[in-house]
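Results of the structural survey
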Amino acid sequence: MKLIEARIYEKENGAKILPEERPVFHVTPLTGWMNDPNGFSIYKGEYHLFYQYYPYDINWGPMHWGHVKSRDLIKWEWLPAAMAPDQDYDAQGVFSGSAVELKDGRHLLMYTGVQGQDNTPQCRQTQCIAAGDGLNYEKYEFNPVITGEHLPQGCSLSDFRDPKIWRDHKKQCFYAVAGCRTADGSGAVLLFTSKDAYSWEYVTMLDRSRNEYGRMWECPDFFEKDGQAALIVSPQEMRAEGLEFHNGNDVICLTGSYDSTQHIFTRKSVSAVDYGLDFYAPQTMETPDGRRILIGWMQSWESSRFHPEGARWAGMCTLPRELSFSDGRLIQNPVRELLKYWMHPVIHKGVRLEQTKKVRLSGVTGRTIDMTVDVRPDEGQMYSKFVIYIAENQEYSTRIVYKPWKNTVCIDRTDSGFRYHIVSKREAPVRCQAGRIRLRLILDRCSVELFINDGEQVMSSCIYTPGEADGILFETEGTAWMDVEKYEIN
Ligand code: FRU
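Description of the structure in this document. Remember, it's a predicted structure, so these values are computed and weren't measured experimentally.

Once that is clear, we can look at the overall build of the chain. Within the chain, the secondary structure is distributed over 1 helix and 32 strands. What you see for the chain is a C-alpha radius of gyration of 22 Å, in line with the 23 Å of a compact globule of 490 residues. Each principal axis of the C-alpha atoms in the chain carries an extent, and together these give about 70 × 50 × 40 Å. Out of the 490 residues belonging to the chain, those deemed buried represent 63%. Expressed as a percentage of contacts within the chain between residues at least 6 apart in sequence, the contacts between residues at least 24 apart total 59%. Accessible surface computed for the chain: about 19,600 Å², of which carbon and sulfur atoms make up 47%. When the 56 positive and 67 negative side-chain charges of the chain are each reduced to one mean point, those points stand 2 Å apart.

To continue, consider the sheet that holds strand 12 (residues 200-208). Ordered in space as 9-10-11-12, the 4 strands form an open sheet in which the pairing is antiparallel. With partners counted over all chains shown, the strands left at the sheet margins are strand 9 (160-168) and strand 12, one partner each. Here the strands of the sheet are splayed against their neighbours by 25° on average, with no regard to which way each runs. For strand 11 (residues 187-194) and strand 12, the ladder comprises 7 bridges, and the chain directions are antiparallel.

Per the counting criterion, the structure on display carries 35 salt bridges. Residue Asp-159 pairs with Arg-161 through a salt bridge whose shortest N-O separation is 2.7 Å. A residue is classified by how much of its surface remains accessible, and Asp-159, at 12% relative accessible area, is buried. Residues Arg-399 and Asp-415 are paired through a salt bridge, measuring 3.2 Å at the closest nitrogen-oxygen approach. One end of the pair, Arg-399, is in strand 25 (residues 398-403); the other, Asp-415, is in the loop between strand 26 (408-412) and strand 27 (425-429), and 16 residues separate them in sequence. Among the ionic contacts, a cluster of salt bridges with common partners joins Asp-289, Arg-291, Glu-322, Arg-336 and Glu-337.

This part covers the nonpolar core. Within the largest apolar cluster, 57 residues are counted, with the highest numbers of intra-cluster contacts made by Met-371, Phe-386, Ile-388, Val-409 and Phe-474. If we ignore the near neighbours within four places in the chain, the residues touching Met-371 are Val-364, Ile-388, Leu-439, Arg-440, Leu-441, Ile-472, Phe-474, Val-484, Glu-485 and Lys-486. In this structure, Tyr-54, Phe-95, Ile-232 and Tyr-341 belong to the second largest nonpolar core, which totals 51 residues.

Before going further, it helps to examine the site of the ligand. Near the ligand you find Asn-35, Asp-36, Gln-52, Trp-60, Met-63, Phe-95, Ser-96, Arg-161, Asp-162, Glu-218, Tyr-280 and Trp-301, and these make up its full shell. Glu-218 places a side-chain nitrogen or oxygen 2.8 Å from an oxygen atom of the ligand. In isolation the ligand offers 320 Å² of accessible surface; the protein chains occlude 95% of this area. Counting residues per element, the ones that place at least two in the shell around the ligand are strand 1 (32-43), strand 5 (93-101) and strand 9. Split by residue class, the shell around the ligand holds 5 nonpolar, 3 polar and 4 charged.

Next up on the list: the packing of aromatic side chains. For the structure shown, the criterion picks out 23 aromatic pairs. Look at Trp-342 and Tyr-487: their rings are 3.8 Å apart centre to centre, the planes differ by 10°, and that puts the pair in the stacked class. With a gap of 145 residues between them, Trp-342 in strand 22 (residues 342-353) and Tyr-487 in strand 32 (residues 480-489) connect regions that are remote in the sequence. Judged by relative accessible area, which is 29%, Trp-342 ranks as partly exposed.

With that out of the way, let us pick up the side chain of Arg-167. Structurally, Arg-167 can be placed in strand 9. Buried within the structure, Arg-167 lacks any salt-bridge partner; its nearest side chain of opposite charge belongs to Glu-101, at an N-O separation of 7.2 Å. Separated by 2.3 Å, the side chain of Arg-167 and the backbone oxygen of Glu-101 make a polar contact. Apart from the residues within four sequence positions on either side, Arg-167 is in contact with Val-100, Glu-101, Leu-102, Lys-103, Cys-173 and Phe-174.

Tracing the backbone shows Leu-18 in the loop between helix 1 (2-14) and strand 1. C-alpha of Leu-18 to C-alpha of Arg-312: the two residues are 294 residues apart in sequence and 9.8 Å apart in space.

What follows is about the side chain of Glu-475. With respect to the secondary-structure elements, Glu-475 resides in strand 31 (residues 471-477). Side-chain polar atoms of Glu-475 contact the side chain of Tyr-389, separated by 2.6 Å. Apart from the residues within four sequence positions on either side, Glu-475 is in contact with Thr-356, Lys-357, Lys-358, Lys-385, Phe-386, Val-387 and Tyr-389.

Per the stated rule, a full pass over the model turns up 0 disulfides. Here Cys-432 is not cross-linked by a disulfide; its sulfur's nearest cysteine counterpart is in Cys-410, at 19 Å. Residue Cys-432 is classed as exposed on the basis of its relative accessible area of 56%. Free of any disulfide, Cys-462 has its nearest cysteine sulfur in Cys-446, 6.7 Å distant.

Parameters and conventions
- Position numbers for residues start from 1 in each chain and track the written sequence from start to end.
- Totals for whole chains, interfaces and linings use all residues, but because this is a predicted model, local features are given only for residues with pLDDT of at least 70 and pairs of side-chain atoms are given and counted only at 80 or more.
- For side-chain calculations, the full set of non-hydrogen atoms in the structure is used, while hydrogens and water are omitted.
- Under the scheme used here, helices are H or I runs from DSSP no shorter than 4 residues and strands are E runs no shorter than 2 residues, and both carry numbers assigned from the N terminus.
- Radius of gyration means the value over C-alpha atoms here, while the globule rule gives 2.2 Å times the residue count to the 0.38 power.
- Each residue gets one of three labels from its accessible area relative to the maximum for its type: buried under 20%, exposed over 50%, partly exposed in between, using a 1.4 Å probe on protein chains only.
- Residue contacts are defined here by distance: any two heavy atoms, one from each residue, within 4.5 Å place the two residues in contact.
- Using a 1.4 Å probe, the Shrake-Rupley method yields the accessible areas, and only the shown protein chains count as cover for residues.
- In this tally, Lys and Arg are treated as positive and Asp and Glu as negative; His is ignored, and so are the chain termini.
- Every charge is mapped to an atom, namely NZ of Lys, CZ of Arg, CG of Asp or CD of Glu.
- Pairing between strands is defined by DSSP: at least two bridges between them are needed.
- With axes taken as lines fitted to C-alpha atoms, and helix axes fitted only over the stretch in contact, angles between N-to-C directions fall between 0 and 180 degrees.
- For salt bridges, the criterion is a side-chain nitrogen of Lys or Arg within 4 Å of an Asp or Glu carboxyl oxygen.
- In plain words, nonpolar cores are sets of buried Ala, Val, Leu, Ile, Met, Phe, Trp, Tyr and Cys residues tied together by side-chain atoms within 4.5 Å.
- Here, proximity means that at least one heavy atom of the residue falls within 4 Å of the molecule or strand.
- Pairs of N or O atoms within 3.5 Å make up the polar contacts considered here, provided that, within protein, one atom can donate a hydrogen while the other can accept it, and that residues adjacent in sequence are counted only when both atoms are side-chain atoms.
- Note on residue categories: nonpolar means Ala, Val, Leu, Ile, Met, Phe, Trp, Tyr, Cys or Pro, charged means Asp, Glu, Lys or Arg, and polar means any other residue, Gly included.
- Two rings belonging to Phe, Tyr or Trp (six-membered ring only in the last case) form a pair when the distance between their centres is within 6.5 Å. Interplanar angles under 30 degrees mark stacking, angles over 60 mark edge-to-face geometry, and anything in between is tilted.
- Put simply, a disulfide is two cysteine sulfurs that come within 2.5 Å.

Laid out in structure tokens, this is it:
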């Protein structure tokens, strides 16, 4: 019943939201609220993505799973909601999880069922299964499949969630990682295995926070790429550390090596995944051509209560990103499929920028664009600041500020139109290159994703600036040269 109700409600209310009220190529909920992306997978040759969903309000509520699919990761089509909290074991919410295609042709979803009031000691979080045909899913009659009984001593029964399942082709079995709270109050990632995806055994604790990298670890993901093992987790209650980590809900990548026989992950380094203001709970999948693609929730819990006036949906996903490692460092770039949507190229080469003179370039405007700016200093002379103003008009702007002497890039959305006192600035450390930098900006109406130096750092942020503010300006302190290449995306 609850699922049918949700499907009727979302169909009726989703249709009332005009396309102009949404981004063009980013996933948003059909109606109401979304948080984490879930079940990112390929099924019968199409990409499927689910999301934490409360159709009835633009604020978080009892979680359902919303559903979209795509052929190219850029244009998404809504499908009816996939799951509702309609069983005893998930009555308080169908929390985050993942998906795989089974050999028998079904699509398997693995998720957390919440029973009992969330955030209380009485709450029970267990891992559950549903299987379906890409449209309709049936919950397994013997759910839950992983419970407190599987947990090592000291792990909390009420903070145990977000299973990420994958198939190991060589060993012909499934693995899943899930986050849990350990006895010291912080978080860990647990590894489970199964032959058939229904009956599970605990394997080991892959890594844990020991109160060093935040407390509860949510939404873990584990994969190998370019000779590196990577564990991505979303810790709650992080402590800020320089420019690398910020307070609160953050996302970190633990990089190291993995002994797949003994199941030992050896951590070598830890870094932030995104340095912007809105990024959490990402999840990855592998495409048939071997690319590792990540998609995140482009929102932060801290500012998710603040909606633009009249909003009928809340929360969106980032653009899917291709991951790679270079010198052990995570590199992220927009999926190459975006290039198919490039239109109306505007190219300016060798533009000279002089001390505090703001420059507008012909054809360089817009709010649904992919724009790359290459900056270099004037010979023998270093400039001290380079600024791009986006989503600009007389009243509004968001600034991207590069300081070569400090090796930082800052995004500042103070004047982007938020009417609330929320965090509006964040800075990322960038590679020192004697005043050279490449900034690729992707704007989609209400968001900006900035890829720095071919994906060495990424900064994702929402901006709720009125659409008519579509100006772009460039400015320096000192003299610099730049090339600009801009495409509309449609
Ligand atoms: C992360 C998270 C998950 C949980 C879900 C609930 O944002 O807290 O741990 O499964 O959201 O909506």
